[in-house]
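Breakdown of the fold
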Amino acid sequence: MVPISYYLILSGILFACGVTGFLIKRNIISIFMSIELMLNGVNLSFVAFAAQWHALSGQVFVFFVMVVAAAEAAVGLAIIISVYRTRETLNVDQVDLLKL
Amino acid sequence: MTPNLHLWLIPLLPLVGAAINGIFGKKFSRQTVAGVALSFSGAAFLKVLAVAFSFSSLAIPHTETLATWIRAGSFQADFAFYLDQLSLVMLLVVTGVGLLIHVYSVGYMWEEGGFYRFFAYLNLFMFFMLTLVLASNYLLMFIGWEGVGLASYLLIGFWFTKDSAAAAGKKAFIVNRIGDFGFLIALFLLIKHFGSLNFEVVARSVSPLSPETGGAGLLTAIGLLLMVGAAGKSAQIPLYVWLPDAMEGPTPVSALIHAATMVTAGVYMVSRSHVIFERAPTALMVVAIVGTLTALFAATIGVTQTDIKKVLAYSTVSQLGYMFIACGVGAFSAAIFHLMTHAFFKGLLFLAAGSVIHAVGGEQDMRQMGGLRTKIPWTFWTMTVGTFAIAGIPPLAGFFSKDEILWRAYQASRVYWATGLFTALLTSFYMFRLWFLTFFAEYRGTAEAADGHSPPHGHADGHRGIHESPMVMVIPLVVLAVLSFTGGWIGVPGSLGGSNRFDKFLGAVFRSTTPALDPQQQAAGEVTSAEKETEAPEPQSGHATELVFSGISVLAALIGFGLAWLLYWRNPLWPQQIASSLGGLYQAVVHKYYIDELYATLLVKPLIAGSALILWHGIDRDVIDATLDNSAHGANEVSDAVRHMQSGNLRSYAGWVAAGAALVIAYMVWMGTR
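Residues numbered from 1 in each chain as written. Chains lettered and ligands numbered in written order. Predicted model: local features only at pLDDT ≥ 70, side-chain atom pairs only at ≥ 80, totals over all residues.

1. With respect to the overall build of chain B
Each helix and strand counted, chain B has 28 helices and 2 strands in total. Its C-alpha atoms give chain B principal-axis dimensions of about 115 × 70 × 55 Å. Counting all 674 residues of chain B, 50% fall into the buried class. Across chain B, the fraction of contacts at a sequence separation of at least 24, relative to all contacts at a separation of at least 6, is 79%. (Helix = DSSP H or I, 4+ residues; strand = E, 2+ residues; numbered from the N terminus. Buried ≥ 20, exposed ≤ 12 C-beta atoms within 10 Å, placed from the backbone. Contact = placed C-beta atoms within 7 Å.)

2. Remarks on the overall build of chain A
Helix and strand counts for chain A come out as 3 helices and 0 strands. The helix and strand sequence of chain A, counted from the amino end, reads α-α-α. What you see for chain A is a C-alpha radius of gyration of 17 Å, clearly larger than the 13 Å of a compact globule of 100 residues, by over 25%. By principal-axis analysis of the C-alpha atoms, chain A measures approximately 50 × 25 × 25 Å. A burial count over chain A gives 9% of its 100 residues as buried. Counting contacts in chain A only where the partners sit at least 6 residues apart, residues at least 24 apart contribute 51% of the total. (Rg over C-alpha atoms; globule rule 2.2 N^0.38 Å.)

3. What to know about helix α1 (residues 4–24) of chain A
Under the 1.5 Å per step criterion, the end-to-end length of α1 of chain A is 30 Å for 21 residues, consistent within 8% with the ideal 30 Å. Of the residues making up α1 of chain A, those classed as buried are Ser 11, Gly 18, Val 19 and Phe 22 of chain A. All buried residues of α1 of chain A fall inside an arc of 95 degrees around its axis, so they share one side. Turned more than 90 degrees away from the buried face of α1 of chain A sit Ser 5, Tyr 6, Ile 9, Ile 13 and Ile 24 of chain A, all of them exposed. Along its buried surface, α1 of chain A packs onto α2 (28–53) of chain A together with α28 (650–673) of chain B. (Expected span 1.5 Å × (residues − 1). Arc of directions from axis to C-beta.)

4. Regarding the environment of Ile 257 of chain B
All names here are of chain B. On the secondary structure map, Ile 257 appears in helix α10 (residues 251–260). By C-beta crowding, Ile 257 is classed as buried, having 26 other C-beta atoms within 10 Å. When the C-alpha atoms of Ile 257 and Pro 61 are compared, they prove to be 27 Å apart, with 196 residues separating the residues in sequence. When residues no more than four places from it in sequence are discounted, the contact partners of Ile 257 are Phe 125, Ser 152, Leu 155 and Met 262.

5. Things to note about the pairing of strand β1 (residues 62–72) of chain B
Residues and elements named next belong to chain B. When you tally the buried positions in β1, you get 0 out of 11 residues, a small fraction of the element. With 9 bridges connecting them, β1 and strand β2 (residues 75–83) associate as antiparallel partners. Each residue of the ladder has a partner; that of Ala 67, found in β2, is Phe 79. As consecutive antiparallel partners, β1 and β2 are separated by 2 residues, and within that stretch Gly 73 has a phi angle of approximately 65 degrees, a positive value. (Pairing = 2+ DSSP bridges.)

6. A few points about the environment of Gln 76 of chain B
Secondary-structure assignment places Gln 76 of chain B in strand β2. Separated by 115 residues in the primary sequence, Gln 76 of chain B and Ile 191 of chain B place their C-alpha atoms 9.8 Å from one another.

7. Let's talk about the nonpolar core
For soluble globular proteins, nonpolar side chains are generally found buried alongside one another. Residues and elements named next belong to chain B. Counting 209 residues, the largest nonpolar core has Phe 125 and Val 287 as the members making the most contacts within it. Top element by residues in this core is helix α15 (residues 332–359). It accounts for 19 residues. The residues touching Val 287, leaving out its near neighbours within four places in the chain, are Met 227, Val 270, Phe 277, Phe 324, Cys 327 and Gly 328. (Core = buried A, V, L, I, M, F, W, Y, C linked by C-beta atoms within 7 Å.)

8. Regarding the environment of Phe 63 of chain A
Residue and element names in this part refer to chain A. Structurally, the position occupied by Phe 63 is in helix α3 (residues 56–87). Phe 63 sits in the exposed class, given 11 other C-beta atoms within 10 Å. Measuring from C-alpha to C-alpha, the distance between Phe 63 and Asn 43 comes to 8.9 Å, with 20 residues separating the pair along the chain.

9. Here's the deal with helix α6 (residues 163–194) of chain B
All names here are of chain B. For α6, with 32 residues, the first-to-last C-alpha span of 46 Å sits near the 46 Å given by 1.5 Å per residue. Taken residue by residue, α6 has Ala 165, Ala 168, Gly 169, Lys 171, Ala 172, Val 175, Asn 176, Gly 179, Phe 183, Ala 186, Leu 187 and Leu 190 as its buried positions. Where the residues of α6 are buried, they touch α5 (138–156), α7 (199–206), α8 (218–233) and α9 (242–245). Where α6 terminates, the next one or two residues include Gly 195, which has phi positive at roughly 70 degrees.

See below:
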């Protein structure tokens, strides 16, 4: 059996990749994909723990995360399309009107 | 079982009148306003009369409890009314004289602005005054006490657009507040030591105590503090300064509040607390001394005043001094007797003075009057009755009450008597001076006013020349004149063949709670020996002496009359010469001994300067305001710095979130490894 630490390290690497992508990417779609990466990094650690402790609640939680991510993707893509139509750009640095 | 008297109706009726006129009066016609005010104060008077007629069949004292007001631990104060001989006399005076002055005011104020406001205030005053005299405990009395102060303030400042009137109102209120402070402390002492403010309970707790002779104790302290309150309300030294200024108010107000009723509240309160005072000889002595000094002091100022209302104002202060002399020598019923007759003749004098002012078109300076005798005969004759009554000429009311006080004062101390007698002479002098100046010789006012084209003035109706007042003003004058003439006959002393029924009537109040003092104590102090005099029927041998003293006081009154006649009728130039020969003394008296200036220099200005420098600049501005300002300013600066975080840049937000998360994780890791 693969030790749990492997899973956790992979999960951490995935999450760190997501965070890094979120922070350095300017394209909204890339940022969106980084978020998915972070979510899946977390999902991985959930299922790893679930297998380790033979507890189903971890698996159930992953399904919830997937459902939320799917809903988020639907809403998020709609927003992205709307932003592109009005501002003709997908660069987040240029979409900064919401400020003091 | 005692019948339910519904005493609560008595104060409530004027309150309803005040509410109706105060809320809706603006839309009412003058007739409606007058009708409402008169019917409610009249109804109160009728109710008092009904109570008076059933009085002999009642169990006195009669207490009527409406509700519990305050209950805190063992302390309890009720909304309760207390009826005994003393409060009945006060009720009759307040509602009777009050009603007459209401009637008079309808005529006097008819052409003034704010007619409804005036009557709303007047009715409000009646409500508070009746609460004051009917209250069964000091706390409810205090409500009335403060309330009449409020009504007094409102009515003095009735012509509030006039600076001097507004200032006089404030002065009255503030000076009264000083007295109220003493009154309140006395109440706190009563609560602390007797656990109650109810008159009967306090009397029961105090009665077993022996008089604090030869020293000061709790009762002396309470008595003195009560006297501070009384001095404020009843304009005694050193708090009398507000009353002369209060003459800025309309004349009916001066008559009702500042002569007949409110200013006597202090006398009533001291009489109501007689159980305490009787056991505090030092406090009683202070009361008598303050009364004596005030009587003399105010009378001397009255001699030099030229404003007709100011003369009467100082006269009121002086007469209140008499009442306090009477209280101070333990002759409480004589004080109340003088209070009653004074309400009649001083009310009359003020109303008549108002009628004179009305007639000459707002002029108040007596030097601008004269020769009004034939022009306003009703006013002249009624004022004559009032003048003779206050001067103490028998058989008018003032003679009996003043004589009673002087006689009782003599029994206590010759100093009180001599000063009182001299004051009586002065009283007679300045009143006849007023009488001669106003009604005799030739008219000295501007010819225009006499011809009927007077210049504009405080009163709106000076366009018809000198004229008699309307009947609505004359009738109260006549009624009060009759009362001033006959009012003293209910207290004819034994020496003149009467039986002093008034004294006997009130005796039930002032004797029922008087303890049986042991003989040594009775013999000990002069005050208590005077007290003994009341207890026993007056010995026949004293009658001759008393008669002699009556003669002396009549003589004093006649000398006063003679002097006034000599100076203001026979030789009108003499007063000027005397005044200039007296020089500085005369100047001092004309300027009221510079008391107002003295208070201004010693108290008011340092107080204002201290308040401005320490309280306003130092504490309010530099501490309280500064704290608030600085914290607001600081919050502003911090937000100003922090708001740049909200750049609108999504990635910087993400950075902050990541950094925050990193911090939290680092903390948790650190905590876990510890």
